[in-house]
Each structure stands twice: as C-alpha cells, then as structure tokens.
Amino acid sequence: MTSLHPRGEAPLPTTTVKWRFPAIHPEGMKFGAIAFGLTLLLTLVSKVLFWPMLGVTAWVFTFFRDPIRATPVGEELIVAPADGLVTMIQRVPVPRELASELGAAPLVRVSIFMSVFDVHINRTPIAGTIRQVVYISGKFLNADLDKASEENERQHFVVEGYDGRKIGFTQIAGLVARRIVGFVKVGDMVAVGQRVGLIRFGSRVDVYLPDDCVPQVALGQRSIAGETVIGRVGGVPVAAITQ
C-alpha cells in the first residue's frame, strides 16, 4: 500500500533520472555518412584537412540530435514546438492558408528562431488531431525577418485539441535551410510534444495563439521544444509578472 503525504498528497517519485547521450534522428544519418565519406576522401588529398572535416562531420551528427524531452502536463498549457530564441511576440493577421481553420481575425504570433546549433526536431504544442498540413515553396530569406513568414519556404500545421481549441504553427526555412521535413499528415492523432517534423540547417517556427491563450514567454528567452510553456489558457502575461 502506498503511503500518502501528511496533507493527503501522493508522494514524490523516488526513481532517479540519468543523463544520456542524445540519439541521432534517422534523417541525419545519411548526411553524417556523406560528411564522413568526404572527410576520408579529402584526407587522401591532404592530411591537414582531416581534423577540420572531422569537426564538420561531428557538427552534422550533432545538428540532427534528437534528445528526449519531459513535457509538462496540463490541458491549459501550450508548449514550445521548437528549440531556439523567442524573437517576436506580436498580434498579426493569420496566414491565408490557415484562415479556414483559425479564422481571419489577427492572433498573437510567437516566433522562435533556431540557429544551426539548436535542436531542429519540431514538436506539436498540444495534443489532439492534425486538421491541416500545407506546404508552400518560396524564398530562403533570413528567418529573423518578419516577411519570412510570408515569402519563405514554409509548412503550416493546425492541430485541434480535445477541447476543440485549434493551434496553428508554421515551420519556416531560412538562409541555410533548404528542406522542410514533415512526420505527420492530416487526420493523425498526436500527443503533446510529439515530433511532427524538422527543418534542415537553421530556420524558424511561428505559433499562433488563440485569444483565450496568454503568452508565457518573453522576448529574448530561449525555449526548449516539448518542455517550455509558451502559452496558457487564461494565464497571466509574462510582462505583468516581470514589471
């Protein structure tokens, strides 16, 4: 029989968690193999190139690392879909590709910029059903620019939660990124924090929060995909807390 805390609460778990080296996503194995092959080939030309190329190979494998994430529990929570820097929080018009699901009224957009050193596996902000996936080819402008949301190569998602609330988010390619890869399709059921895609080599992810969801991050904050709470239904704005 499990004993309870004096206040009647369940005891804290006693199992310990140990750090382990992040796995490499299968999408990155071929690129790592190509980089390693080039390392061996160039070493035949000049041994001086071995160490620099070995460093490049290590970086390629590191880019595709896929660490395990501990996702917070709470139906009112919206978690970050990407690792990176929160660069913009502003109310903007909804992309026309998402208007049929999210409506035409402007929504608060949280933009997360991923450098080439960040984890690039993207995750769903809430649990539910994928209602829309739209891929659009486009330019490869600096993902930090506001117009990248409308002109760059991108892929939109809409996931509908079990309470009927819909969250839209968009993968946006950047200067270096040249390929957006999706793991889910319309009709798929996803758990909060589940992997839904990746963007190769630097990019950005935008999240569109419904009006009843308040941002829980600040400009300049770093987010962790599947862990950082970026929005909360009926929450208190971060700005009101930090003033």
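Scroll up to find the structure this text is about.
Residues numbered from 1 in each chain as written. Predicted model: local features only at pLDDT ≥ 70, side-chain atom pairs only at ≥ 80, totals over all residues. Heavy atoms only, no water.

Student: Account for the overall build of the chain, with residues named and values stated.
Tutor: Tallying secondary structure elements over the chain gives five helices and 16 strands in all. Out of the 243 residues belonging to the chain, those deemed buried represent 46%. In the chain, 71% of the contacts between residues at least 6 apart in sequence involve partners at least 24 apart. As displayed, the chain offers around 12900 Å² of accessible surface, 62% of which is attributable to carbon and sulfur atoms. (Helix = DSSP H or I, 4+ residues; strand = E, 2+ residues; numbered from the N terminus. Buried < 20%, exposed > 50% of the residue type's maximum accessible area, 1.4 Å probe, protein only. Contact = heavy atoms within 4.5 Å. Areas by Shrake-Rupley, 256 points an atom, 1.4 Å probe, with all protein chains shown as cover.)

Student: Summarise helix 2 (residues 50–63); cite the residues concerned and give the values.
Tutor: Counted at 1.5 Å a residue, the expected span for helix 2 with its 14 residues is 20 Å, and the 20 Å between its end C-alpha atoms agrees. Turning to helix 2, its buried residues are Met53, Thr57, Val60 and Phe63. All buried residues of helix 2 project into a common sector of 125° when viewed along the axis, lining one side. Against the buried residues of helix 2 lie helix 1 (26–45), strand 2 (65–66) and strand 12 (195–199). (Expected span 1.5 Å × (residues − 1). Arc of directions from axis to C-beta.)

Student: Account for the packing of helix 1 against helix 2, naming residues and giving values.
Tutor: Interhelical geometry of helix 1 versus helix 2 gives an angle of 180° and a closest axis separation of 8 Å. As judged from the angle between their axes, helix 1 and helix 2 are roughly antiparallel. Across from Met29, Phe31, Gly32, Ala33, Ala35, Phe36, Leu38, Thr39, Leu42 and Thr43 in helix 1, the residues of helix 2 making contact are Phe50, Met53, Leu54, Thr57, Val60 and Phe61. Its residues assigned to classes, the contact of helix 1 with helix 2 comprises twelve nonpolar, four polar and no charged. (Axes fitted to C-alpha atoms, helices over the stretch in contact; angles between N-to-C directions. Parallel < 35°, antiparallel > 145°, perpendicular 65-115°, else oblique. Nonpolar A, V, L, I, M, F, W, Y, C, P; charged D, E, K, R; others polar.)

Student: Any details on the sheet that holds strand 12? Residues and values, ideally.
Tutor: Across the sheet, which stays open at both edges, the three strands sit in the order 6-12-10 with antiparallel pairing between neighbours. With one partner strand each, in any of the chains shown, strand 6 (121–123) and strand 10 (180–182) form the two edges of the open sheet. Here the average twist between neighbouring strands, direction ignored, is 25°. Judged from the three bridges that link them, strand 6 and strand 12 form a sheet pairing that is antiparallel. Across the sheet, residue isoleucine 121 finds its bridge partner in strand 12, namely leucine 198. (Pairing = 2+ DSSP bridges.)

Student: Now, about the pairing of strand 9 (residues 166–173): what can you tell me, with residues and values included?
Tutor: Of all eight residues that make up strand 9, seven are buried, and the element is covered over most of its length. Two elements, strand 8 (residues 154–160) and strand 9, share seven bridges in a ladder whose sense is antiparallel. If you follow glutamine 155 over to strand 9, its bridge partner there is glutamine 171. As consecutive antiparallel partners, strand 8 and strand 9 are separated by five residues, and within that stretch glycine 164 has a phi angle of approximately 90°, a positive value.

Student: Tell me about the packing of aromatic side chains, residues and numbers included.
Tutor: The full count for this structure, using the stated rule, is two aromatic pairs. Aromatic side chains phenylalanine 50 and tryptophan 51 sit 5.0 Å apart centroid to centroid with 75° between the ring planes, which places their arrangement in the edge-to-face category. Among the residues examined, tryptophan 51 registers a relative accessible area of 62% and is labelled exposed. Seen in terms of ring centroids, phenylalanine 157 and phenylalanine 169 are 5.0 Å apart; in terms of plane orientation they differ by 15°. Their pairing is stacked. In this pair, phenylalanine 157 is assigned in strand 8 and phenylalanine 169 in strand 9, connecting sequence segments twelve residues apart. (Phe/Tyr/Trp six-rings, centres within 6.5 Å; stacked < 30°, edge-to-face > 60°.)

Student: I'd like to hear about the environment of serine 137, residue by residue, with values.
Tutor: Considering the arrangement of structural elements, one finds serine 137 in the loop between strand 7 (128–136) and helix 4 (148–151). Residues serine 137 and arginine 179, spaced 42 residues apart in sequence, show a C-alpha to C-alpha distance of 10.0 Å.

Student: A description of the pattern of salt bridges should follow, citing residues and the corresponding values.
Tutor: Side chains that carry opposite charge are capable of pairing whenever their charged atoms lie near each other. Tallied over the entire structure, the rule returns 15 salt bridges. One salt bridge connects arginine 69 with aspartate 83, and the closest N-O pair in it is separated by 2.8 Å. Here arginine 69 is found in the loop between strand 2 and strand 3 (77–79), whereas its partner aspartate 83 is found in the loop between strand 3 and strand 4 (84–92), with 14 residues between them in sequence. The pair formed by arginine 69 and aspartate 83 is uniform in burial state, with each residue classed as buried. A salt bridge links arginine 232 to glutamate 76; the nearest nitrogen and oxygen atoms lie 3.4 Å apart. Here arginine 232, found in strand 16 (residues 229–233), pairs with glutamate 76, found in the loop between strand 2 and strand 3; they are 156 residues apart in sequence, far enough to count as distant. Residue glutamate 76 is classed as partly exposed on the basis of its relative accessible area of 32%. One continuous salt-bridge network, built from bridges that share partners, spans Asp66, Arg123 and Arg195. (Salt bridge = Lys/Arg side-chain N within 4 Å of Asp/Glu carboxyl O.)

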